[in-house]
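# Survey of secondary and tertiary structure
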Amino acid sequence: MKPQKQSWKISFLLTLAFICGGLAHAQQISVSGTVTDASGEPIIGATVMAEGTANGTSTDLDGNYSITADALGMLKFSYVGYTTQSIAIEGRSVINVTMTESAELLDELVVVGYGTMKKSDLTGAVGSIGGKDIKDVPVNNVGQALQGKIAGVNIVGGEKPGDNVTIKVRGLGSINNSDPLVVIDGVPTDLGLNAINPQDIERLDVLKDASATAIYGSRGANGVVMITTRKGVAGTSRLSVSANVAFSNVSKKMSLLDAAGYASLSNDMLSEAGHNTNPAWADPSSLTASTNWVDELLRTGVMQNYNVSYSGGNDKAHYYFSAGFLNQSGVVDHVNYRRFTFQANNDVKLKSWLKLSNNLLFSADIKKQGSYSMWDAMRALPTFPVKDEDGEWSGPDGNSEWYGSVRNPVGSNDMYRSSTNGYNFLANIAADITLVPEWLQFRSLFGFDGKFWFDDSFSPKYNWKPTPVEESTQYNSSNRNFTYLWDNYFTFDHKFGKNSLNVMAGMSAQWNHAYWMNGQMNGFLFDTVHQLTNGEKIYNLDGSQSEWALLSYMARANYDFDNRYFLTATVRRDGSSRFGPSNRWGTFPSMSAAWKISSESFFPQDIALNDLKLRLGWGKTGSQASVGNYDYIQTLVTLLYPFGTTLDNAEQSALYSQVLANSGIHWEEIEQFNAGVDLSFFNSRINVSLDGYIKNTKQMLVKAAFPITTGFEDTFDTYTNAGKVRNIGWELSASSVNLTGELGWETDLNVTYNKNKIIDLNSDTPLWRNQFGGAYATMLAADYPINVFYGYVTDGIFQNADEVKAHAVQPGAEAGDIRFRDLNNDGIINENDRTVIGNPNPTWLFSVNNRLTYKGFELSIYLQGVAGNKIYNRTRSVMESMSAAYNQAASTANRWYGEGTSNSMPRAVWADPNGNNRISDRWVENGSYLRLKNVTLAYNFPDKWLKRINFENARILVSCENVATITGYKGLDPEVGIDGIDYSSFPPSRVFNIGLSVNF
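Looking at an unreviewed UniProt entry, one finds the protein named TonB-dependent receptor, with Lepagella muris as its source organism.

### Things to note about the overall build of the protein
Check the secondary structure of the protein and you find 13 helices and 48 strands. For 1000 residues, the compact-globule formula gives about 30 Å, and the C-alpha radius of gyration of the protein, at 34 Å, lands near that figure. Counting only C-alpha atoms, the protein reaches 120 × 70 × 65 Å along its principal axes. Counting all 1000 residues of the protein, 48% fall into the buried class.

### A short note on unusual backbone geometry
The peptide bond linking Lys-465 to Pro-466 adopts the cis configuration, its omega dihedral lying at 10°. With respect to the helices and strands, the residue Pro-466 is situated in the loop between β23 (440-459) and β24 (473-496). One non-glycine residue, Arg-170, lies in the positive phi region at around 55°. Following the sequence through the fold, Arg-170 ends up in the loop between β12 (165-169) and β13 (181-184).

### Details of empty space enclosed by the protein
Counted under the stated rule, the structure contains 6 cavities of 30 Å³ or more. The calculated volume of the largest cavity comes to roughly 330 Å³. If you trace the largest cavity, you find 29 residues lining it, with Asn-154, Asn-841, Pro-842, Leu-845 and Ile-978 closest to the centre. Considered class by class, the residues forming the lining of the largest cavity number 14 nonpolar, 12 polar and 3 charged.

### A closer look at the environment of Met-905
Its location among the elements puts Met-905 in the loop between α12 (874-879) and β45 (924-926). Under the relative-accessibility criterion, Met-905 is labelled buried at 8%. When the C-alpha atoms of Met-905 and Arg-170 are compared, they prove to be 39 Å apart, with 735 residues separating the residues in sequence. Residues contacting Met-905, with those up to four places away along its chain left out, are Ile-797, Glu-880, Met-882, Ser-891, Thr-892, Asn-894, Arg-895, Trp-896 and Arg-922.

### As for the pairing of strand β1 (residues 28-36)
Note that β1 and strand β4 (residues 64-70) share 7 bridges and pair antiparallel. Bridge pairing in β4 places Ser-30 opposite Thr-68. In this structure, β1 lies alongside strand β7 (residues 97-98), joined through 2 bridges in parallel fashion. Counted as the bridge partner of Thr-36 is Thr-98 from β7.

### Considerations on the pattern of salt bridges
Taken as a whole and assessed by the stated rule, the structure comprises 39 salt bridges. Between Arg-379 and Asp-376 there is a salt bridge, and its shortest N-O distance comes to 3.3 Å. Of this pair, Arg-379 and Asp-376 are both found in helix α8 (residues 374-379), 3 residues apart, which corresponds to roughly one turn of the helix. When its relative accessible area of 17% is taken as the criterion, Arg-379 is described as buried. Under the relative-accessibility criterion, Asp-376 is labelled partly exposed at 26%. One connected set of salt bridges, linked through shared partners, spans Glu-272, Glu-814, Asp-817 and Arg-907.

### What to know about helix α6 (residues 259-272)
A rise of 1.5 Å per residue sets the reference length of α6, with its 14 residues, at 20 Å; its end C-alpha atoms lie 20 Å apart and thus fit the reference within 8%. Buried within α6 we find Ala-259, Gly-261, Tyr-262, Ala-263, Leu-265, Ser-266, Asn-267, Met-269 and Leu-270. Residues of α6 that are buried sit in contact with α9 (400-403). Just beyond α6, the residue with positive phi is Gly-274, at close to 80°.

### With respect to the side chain of Arg-379
Of the polar contacts made by the side chain of Arg-379, one reaches the side chain of Asp-376; its length is 3.3 Å. Among residues more than four places away in sequence, those in contact with Arg-379 are Val-406, Val-878, Met-879, Tyr-886 and Asn-887.

### Thoughts on the nonpolar core
If you look at the biggest cluster of nonpolar residues, it comprises 42 residues, and the most contacted ones within it are Tyr-262, Leu-265, Trp-293, Val-294, Val-332 and Met-374. Of all elements in the fold, only α6, α7 (293-297), α8 and α12 reach the threshold of two or more residues within this core. Among the elements that take part in this core, α6 stands out by supplying 6 residues, more than any other. If we ignore the near neighbours within four places in the chain, the residues touching Tyr-262 are Leu-257, Met-269, Trp-281, Leu-381, Pro-382, Thr-383, Trp-402, Ala-884, Ala-885, Tyr-886 and Asn-887. In this structure, Ala-145, Val-153, Leu-191 and Leu-204 belong to the second largest nonpolar core, which totals 30 residues.

### Details of the sheet that holds strand β15 (residues 201-207)
With respect to topology, 5 strands assemble into an open sheet ordered β10-β15-β16-β13-β14, the strand pairing being mixed. Where the open sheet ends on each side, the last strands, each with one partner, are β10 (126-130) and β14 (187-189). Recorded for the sheet is a direction-independent mean angle of 20° between the axes of neighbouring strands. Here β13 pairs with strand β16 (residues 224-229) via 4 bridges, running parallel. Within the sheet, the bridge partner assigned to Leu-181 lies in β16 and is Val-224.

### Some words on the packing of aromatic side chains
Tallying each qualifying case throughout the model produces 38 aromatic pairs. With centroids separated by 4.5 Å and ring planes inclined at 55°, the aromatic side chains of Tyr-462 and Trp-464 adopt a geometry described as tilted. Plain terms: the ring middles of Phe-789 and Tyr-872 are 5.9 Å apart, the flat faces sit at 45° to each other, and that makes the pair tilted. Of this pair, Phe-789 sits in strand β38 (residues 788-791) while Tyr-872 sits in strand β44 (residues 870-872), placing them 83 residues apart in sequence. Overall, Phe-789 belongs to the buried group, its relative accessible area being 0%. Feature note: the residues Phe-425, Phe-448, Phe-452, Phe-482, Tyr-484, Trp-511 and Tyr-515 constitute an aromatic cluster, connected by ring pairs.

### So, the environment of Ala-549
Counting through the fold element by element, Ala-549 comes out in strand β26 (residues 537-561). Residues Ala-549 and Gly-575 lie 26 residues apart in sequence; the distance between their C-alpha atoms is 8.4 Å. Not counting residues within four places of it along the chain, the set of residues in contact with Ala-549 comprises Gln-510, Trp-511, Gly-575, Ser-576 and Ser-577.

### Looking at a nonpolar patch on the surface
A surface patch of nonpolar side chains, about 770 Å² in accessible area, is lined by Leu-239, Val-241, Val-308, Tyr-310, Phe-321, Phe-342, Phe-362, Tyr-423, Phe-454 and Phe-1000. Mapped onto the nonpolar patch, the elements with two or more residues apiece are β17 (235-250) and β18 (301-313). The residue Tyr-423 is located in strand β22 (residues 417-436) in this model. On the accessibility criterion, Tyr-423 (31% relative accessible area) is partly exposed.

### A look at the sheet that holds strand β6 (residues 85-88)
The strands that make up a sheet pair up through hydrogen bonds in the backbone, lying either parallel or antiparallel. Spatial strand order, β3-β2-β5-β6: 4 strands in an open sheet with antiparallel pairing. Because the sheet does not close on itself, it has two edges, and the strands there are β3 (56-58) and β6. The sheet shows a mean angle of 20° between the axes of neighbouring strands, taken without regard to direction. Inspection of the sheet shows strand β2 (residues 47-50) paired to strand β5 (residues 74-78) by 4 bridges, in the antiparallel sense. Each residue of the ladder has a partner; that of Thr-47, found in β5, is Ser-78.

### Thoughts on the side chain of Asn-916
On the secondary structure map, Asn-916 appears in the loop between α12 and β45. Looking at Asn-916, its side chain comes within polar contact range of the main-chain nitrogen of Ile-818, at 2.8 Å.

Calculation rules
- Residues numbered from 1 in each chain as written.
- Predicted model: local features only at pLDDT ≥ 70, side-chain atom pairs only at ≥ 80, totals over all residues.
- Heavy atoms only, no water.
- Helix = DSSP H or I, 4+ residues; strand = E, 2+ residues; numbered from the N terminus.
- Rg over C-alpha atoms; globule rule 2.2 N^0.38 Å.
- Buried < 20%, exposed > 50% of the residue type's maximum accessible area, 1.4 Å probe, protein only.
- 1 Å grid on protein atoms, 1.4 Å probe; cavity = no way out; pocket = protein on both sides within 12 Å on 5 of 7 lines; lining within 4 Å.
- Points joined across faces, edges and corners; volume = space filled by probe spheres on them.
- Nonpolar A, V, L, I, M, F, W, Y, C, P; charged D, E, K, R; others polar.
- Contact = heavy atoms within 4.5 Å.
- Pairing = 2+ DSSP bridges.
- Salt bridge = Lys/Arg side-chain N within 4 Å of Asp/Glu carboxyl O.
- Expected span 1.5 Å × (residues − 1).
- Polar contact = N/O pair within 3.5 Å; in protein donor to acceptor, adjacent residues only side chain to side chain.
- Core = buried A, V, L, I, M, F, W, Y, C linked by side-chain atoms within 4.5 Å.
- Axes fitted to C-alpha atoms, helices over the stretch in contact; angles between N-to-C directions.
- Phe/Tyr/Trp six-rings, centres within 6.5 Å; stacked < 30°, edge-to-face > 60°.
- Patch = residues over 30% accessible without salt bridge, like charges linked within 9 Å, V, L, I, M, F, W, Y side chains within 5 Å.
- Areas by Shrake-Rupley, 256 points an atom, 1.4 Å probe, with all protein chains shown as cover.

Right, here's the structure in full:
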C-alpha cells in the first residue's frame, strides 16, 4: 500500500505544479520603465508591445511607459533608427531599456556596380527601393511596381499584358535611344523587366548621376538600373507560397455615336459637300439596331499569379529556389499572356579563402492575340451587326461613302492568330578569392544571357466585306541572341586609423552573337494545315546574323576620413567593335565628394536635425545604344536590276551601297554635374534627400548633311556626332514616420522637376517625326525641348460668310469651319503659320505613399502624377474628324449646324476641304494628372493563431489598381508614351486583386 500512496502523492504534486504554472503563465502584471538611447536621453514615441498580442503602448515625453502583460511573456521595444529588442519579463514590474542605433537604416548596402557601398557613405545620386516595397504591390511587372517610387525616374506603359515599360532617368538625354542600362545580378542585359518575377527581387537601385554611372562608361549615360535577386539567409529554412487572383475591367471608354447618330452625321457630311446621301437613312431615328464594336471586343480580364520559394542556409552556404506561374487574359478578347519563371541562387564557402556563387534566372513567356485594332473598333459603323443572318461575319458592302470601308473588327480579331513564344536564360557563376584577409579580394564572374523567341501568325482567306482576302498567309520567325560576359577585378578594402580606403580595379569583356530568320508563305490548300511547307507561294524569305564586342578596364576608389569626409573617383575605358579604329576607345571619368557635417565636433547634438551630409559630383559617361553594329563601315545591299529587254537578261543581280558611311562616328557623350544634401530629423523619423543637376549631352548622333552630288539620297540616314541637349532639374525624396505604436503611419514622398532643351542639331533645318495626314506633328529644333508639337493655332469657328471674307485667305473655308490664326500676318493661311503648340515632356513628376498599420492591419494608399506636359490627342483627331465614312465620338453630336450653334466643334463635311483636322492646337491638351494608383488593405494573422498550425506568418490582401484619376485630359488615359501622342492602342483598365501569402 505504501507504494500506491507514494504514487498518488507524486501525481497530486505534479498536477498542482502544472495548475500553478498555468496560473502563473496566465497572470497579468503591470510593467513600467524608461526607454533611453546610448547617451541616456529619453526616446519619445518608442513602441512597446507585448509579444503574441495586440497589446501595445508608446513612451511619453520622458521616455516612460506602462503596459499590462503576461508575467512570463516578452516585451518588444522598437523605434525608427534603433535596433528592435525583445526582453523576457520574468515577473518583473520594472524594466528599463537602453536602445542602440541601428546600422541597418543608414548603413543599408546599395549596389553601385562591381561592388556595394553603405548608404551613409554615398557621394553620388542613387535611388533605391527594397524588395518588400516591390513584393507588397500586387502587380506582375517590376516596372509598374517601380513607377513613381524613385525621384527622377519616369516610367510609362505596360498596360497591355506582357508589354514592357519605358524607363527614362532624368529626362530625355538624346533624340535617339535614351533607355537606361539594366544590370541583373552583375550582368548587363537588355532583358525586359516584364520577364522577371517581382517576387524574386531583393532590391532595386537606380544610379542617376554621372559620378555613379561612370563605372559603366559608354553605357551609363542614361542611368543604370541595378537589380539584385533574393538570396538565402542563414538560419531555419523557409518555404514561402503566395497566390493572387485579379480581375480587370476597362476604366474608361470613349462614348460613340449609335446608328441613328451616325446616320445623321453621314447625312450632314455628304450634303455639306454636295454628295448624295443614303436614302435608307433619310430618317435616322428609324435605325434602332446599333452595334458598339468596342464593347464587342472587350471582356473582363482575369489574372492568376502563383509563386513558391524555398530558401535557407548556414555559415557555410546559402540557397534560394523559386518558381512562378502567371496567367493573364487582357480586357481585349484573345489577348493573353503566360509567364513561367524559375530562379536559383546559391553560394558556398569551400575554403576560408574561396567562395563560389551562382545566380540563374529562367523565364518563358507566351503572348497570344488576334488582330485587334481599337481604332477600327471605334471607327467601324454601328449600322451593321457583328454577323449576318447566315452566320457569316458582316461588313460594309456597297457605296463606300455611305457604308465605309472598315473591315469587321470583331471578325478579324477572332480569325487572325498571332503568338510570340520567348525563352530567356540569364545566369552567372562567380568565384570570390580572399588574397589577404579583410584587405584584398579577387572576383571572377562569367555571365551568360541567352534569348530565344519565335513569332507565329496566320491569317486565313475569307470573303471579307468590302475587300475579300483571297489567300491565306502564314508567317514564322526564329530569333536567337547570345551574350557572354567575363568580369575580373580586385577589391582592396582597409581601414587604418581614421582613414578608410576601398579600391576596385579590373577588366570586363562582353560579346554578342545574334541570329534571325523569317519567312512567309501564301496560299494553302487547307487552312487547318498551314505550316510553311504547305504553302503554295513564297512571299518572303529572309535572315541574317550580327555580332558586337566590348572590352573595358575600370577602377574606382572610395576614401573616407573619420566618417566626415568622403571622396569617390571612378574611371572606365571602353573599346567597342561598333566604331572605327580611330574612335574605338573612349575614357569616362567621374569624381564626387561628400561632407558629413553632423559628424563634426561642432555640430550640436541636442537639435531636431541629427544627420546632415552635403554631396557634390561630376562625371562624363557615354551611350552607344543608338549605334548599329556596322554603322561605321559601308554596308552593301543586293537587288535585281533590269538590264536589257529579253527574258534571259531582263533582271540581273546587283550590289550597291545605300548609305554613305561615316567611319568617324562614336558614342554620344553626357557630362553631368550633381549637388545634393541628405538630412535626417528627430532620430531619423524624417529623412530627406535633395539633388540638383545639370545634364549636358554632347556629340549626340544627328543626321549628317552632304550634297546630293555624292549619289546618295538624304532619305537614308547617315549620322554624325554633332548634336547637343541639356536637362536641368532637381529631385526630392522624403520619408517620415508620423505615428508609432498600436497605430502606425509612414509616408514616402517623391518630387521631380526637369527642363529639357535641344542646344544644337548640326543644322538650322528642323527634324520631323510622327507624320499624320501628310504633315508632321513633332519637331526637333534647337532652343526647343525634344519632340515639341508643331502646327496651326485655332481661333474659334467662322459663324458666317462675312467672317470668312474678313479673315486672311484660308483656302476651302466656309461658315462652320475652324478659323486659323495668320501668325506671320501675310494675309494667307499656309504652312508658314505653323508654330510650336505644346511640349510633351513633363516638368513635374510626383508621388506620395501612405502606410497605416493597426493591430495586424495594413492600409497603403499610393498617389502618383505628372504636370507641365501636353498630349497630342491623335485618337480625338480621328474620332472628331467628321470627314469620311467612319463612326465618330458622341461629342460630334454637338457640331456646328448654323450660326451660333458651336464655337469649338466645326461642321461635318466630306473630305474636310478647310483642313479642320490638320495638326493644330485643337488636338493638344493638358496632360497633367493626379492618380490614385493603388489602394491595398492587408491583414497579418496573429502569431498565436499561426503557431497552432506551424505557420511562420500569413498575410491576406485586397487591392485596387488605377482607382481614380483627376485630370482635364479628354482622352481615355493621360498616361501616354514618352513622345506624348495618344494612340489609344490598348484601353486602360482598373484591376481588383486578392492575394494570400504564407511562410512556413
